[in-house]
Each structure stands twice: as C-alpha cells, then as structure tokens.
Amino acid sequence: MFEEAQYFAPVAKREDGSVTVELASSHPGFADEVYRERRNAIAALALNYQLGDPVPHAEYTEEEHQVWALVSRELAVKHQRYAIREFLDAGERLGLPKDHIPQLQEVSDRLYPLTGFRYIPAAGLVPLREFYGVLADGYFHSTQYIRHHSVPFYTPEPDIIHEVIGHANTLASDRFAELYRLAGGAARRVESEGALQFVSKVFWFTLEFGVMREASELKAYGAGILSSYGEIEEFRGMDIRPLDLKAMGTTEYDITKYQDVLFEAMSFDQLEDVVGSFWATCDDDSIARIVAEG
Ligand code: NLE
Ligand code: FE2
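This is a predicted model, so every value here is computed, not measured.

A. Main features of the pattern of salt bridges. Taken as a whole and assessed by the stated rule, the structure comprises 18 salt bridges. Several salt bridges converge on common partners, so that one network encompasses Glu-214, Glu-217, Lys-219 and Arg-236.

B. Fine view of the coordination of the iron ion (ligand 2). For the iron ion (ligand 2), the protein coordination sphere consists of His-162 (NE2), His-167 (NE2), Glu-208 (OE) and Glu-208 (OE), at 2.0 to 2.7 Å. Around the iron ion (ligand 2) sit four donor atoms, and with donor-metal-donor angles ranging over 54 to 137° the site reads as irregular. Each donor residue of the iron ion (ligand 2) lies on one chain, and together they are spaced H-x4-H-x40-E. Linking His-167 in helix α6 (residues 160–171) with Glu-208 in helix α8 (residues 193–208), this pair joins segments that are 41 residues apart in sequence.

C. Quick look at the packing of α6 against helix α7 (residues 174–189). Remark: α6 packs on α7, axes separated minimally by 6 Å, with the N-to-C direction vectors making an angle of 105°. By the angle between their axes, α6 is roughly perpendicular relative to α7. Note on element contacts: α7 touches α6 through Phe-176, Ala-177 and Tyr-180, opposite His-167, Thr-170 and Leu-171. Among the residues making up the contact of α6 with α7, the classes are represented as four nonpolar, two polar and no charged.

D. Representation of the site of ligand 1 within the structure. Around ligand 1, a shell composed of Arg-147, Tyr-154, Thr-155, Pro-158, His-162, Glu-208, Gly-224, Ser-227 and Ser-228 is seen. Within the backbone of Thr-155, a nitrogen or oxygen atom sits 2.8 Å from an oxygen atom of ligand 1. For ligand 1, whose accessible area on its own is 300 Å², the fraction buried by protein is 98%. Tallied by class, residues from the shell around ligand 1 come to two nonpolar, five polar and two charged.

Cut-offs used in this document
Residues numbered from 1 in each chain as written. Chains lettered and ligands numbered in written order. Predicted model: local features only at pLDDT ≥ 70, side-chain atom pairs only at ≥ 80, totals over all residues. Heavy atoms only, no water. Salt bridge = Lys/Arg side-chain N within 4 Å of Asp/Glu carboxyl O. Donors = N, O, S within 2.8 Å, 3.2 Å for Na, K, Ca; no water. Tetrahedral: all angles 85-135°; square planar, octahedral: opposite > 155°, others 65-115°. Helix = DSSP H or I, 4+ residues; strand = E, 2+ residues; numbered from the N terminus. Axes fitted to C-alpha atoms, helices over the stretch in contact; angles between N-to-C directions. Parallel < 35°, antiparallel > 145°, perpendicular 65-115°, else oblique. Contact = heavy atoms within 4.5 Å. Nonpolar A, V, L, I, M, F, W, Y, C, P; charged D, E, K, R; others polar. Near = heavy atom within 4 Å. Polar contact = N/O pair within 3.5 Å; in protein donor to acceptor, adjacent residues only side chain to side chain. Areas by Shrake-Rupley, 256 points an atom, 1.4 Å probe, with all protein chains shown as cover.

Okay, here's the thing in structure tokens:
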C-alpha cells in the first residue's frame, strides 16, 4: 500500500450501507462492470473490519485466481534471476500457493510463526502514520482485490499480488521484518508532516523499490519491483544511485510509472547500517539536520 490518494481509488460508503470504489477513467477496470462489482464487494469487507477480528474471507472468481497463477508463474522465473538471496530463502519458508489467491488470513497464519507479522485488510488508502505505525506492532495493512486481468504485468495501484508476493515473502525474513518494524517505530516517533514524508520516502526507495549488489550483480529487494514482471525486467537499466539518506528522503517520484531512479545498497549489512539505524533513532531534529547538511 502506499501514499498519495491518486493511485488508491477513493472508497465511498453510502447511507444505505453500500460501498463504491471510484475507479478513475484511466483505470484498466473502469469500463468492466464485473470488475467494478468485485472491487466494491471486496472494499466492503475491509470497511467493516476491526483489529482483532479474523480477516474476512474474500471469494475470488476463477478469472481472478488465474491472474494470480499467471503472475506467480512469471515471477517465479524472474525472481530466480533478479531477486536477492534473502528474499528467495524467505519465500521458500513462507510457501505461498501458486495456483490460487491465498486468503489474507492464511498469509497471516503462515507469516506469524516465522516473524510475528500479521495481515490486516485495507479498503484503500490508509493514512501514512497509521499504515507505517502499526508495522512497529507487526501488522501489515493489505489490499485484498487483484489487478485487472488486462494488465497483469504491472499496476501502479497496490493489489493483493503486490502486498503478498512482494511484501509477505519479504516479511518472512527476520532481517527484513526487523527493518519494517523499525520503519514503523520511526513513523510513530516523528512529529512533523515533513519528517513523516522523509521517513516514508526512505521506505519507498528501499523496502518498496530498493536494489542491492549481490556477488557483483544488481538484484532487487523492493516489493514494488518484485511484484511486477514488467518492471523487474527494467530495473537494471535505470538511473542507479548510491544509498544515501538525504537523497532518498528528498527525491520526488512518480508512482504511476516504472521507477527510473533507484538506490543501490552495497550489501544487506549496509542497508541495515544506514537505513535500519536511521529508522531506529531518527526524530524531527535529526531529519532536519540531514536535510540541511546532507
Ligand atoms: N507496480 C507494482 C506491481 O505492479 O506489482 C505495485 C507497486 C505498488 C507500490
Ligand atoms: Fe507496497
């Protein structure tokens, strides 16, 4: 899940209790009545959810399961070539189904014993501070709908493929889970909107779109690259910059396209040293100093 409302379709609840997801006219599912009904029904599940409830069961159509199966198959091959070892090992531990969409409750049940993370459903945009904040407690807000079948290789709008194949596989690693927790702690600690934005951008350029050197090859560990079998073929050709807090926290990005600026960690240790330590200790003052001095 992420940030700006423009790529999360707004969700409206009417007085009669019905729920409508307002897809933009540019959304690939805009003219597809069946898809729109699916989005409305799935959003309604999340709107009624309260923390502590089991995640509501979503019924998926055969076509939706096939989108999952297709993307899983495509990504399995590409992950072997492009994903860092830590991600591949964690994915094996988690053991997600490849032929059908798992229920979020099932994802939680597999993940919780490994690293203590649990999935909770989100209808759409969750405010930044809440989305990140609960990471500190081991909760991950996740969308439950799936991308439109006409564009399986990429969606700017986070869907269950992104949340689960990208993030849950990552969250099955102890080292990654700790980084997510630290990001959550940082989001709770900072006070100003500017400092929160900085923390959020560092998350974007690392846990969403980070790349890492591994045995002299450039690999991906960001969930946003790892959930798109279109974008994963392109990241090595992008503008790759060294891991740098000030640059990550202040660089603008366009969520609707393949990311053309990426930041490279030299190793997992470096990611933990630079970004983990930053999230573990940052506050408004230290962020202001980074912005002023670099
Ligand atoms: N572009 C990603 C995908 O297609 O899976 C989703 C990114 C969400 C931040
Ligand atoms: Fe994400």
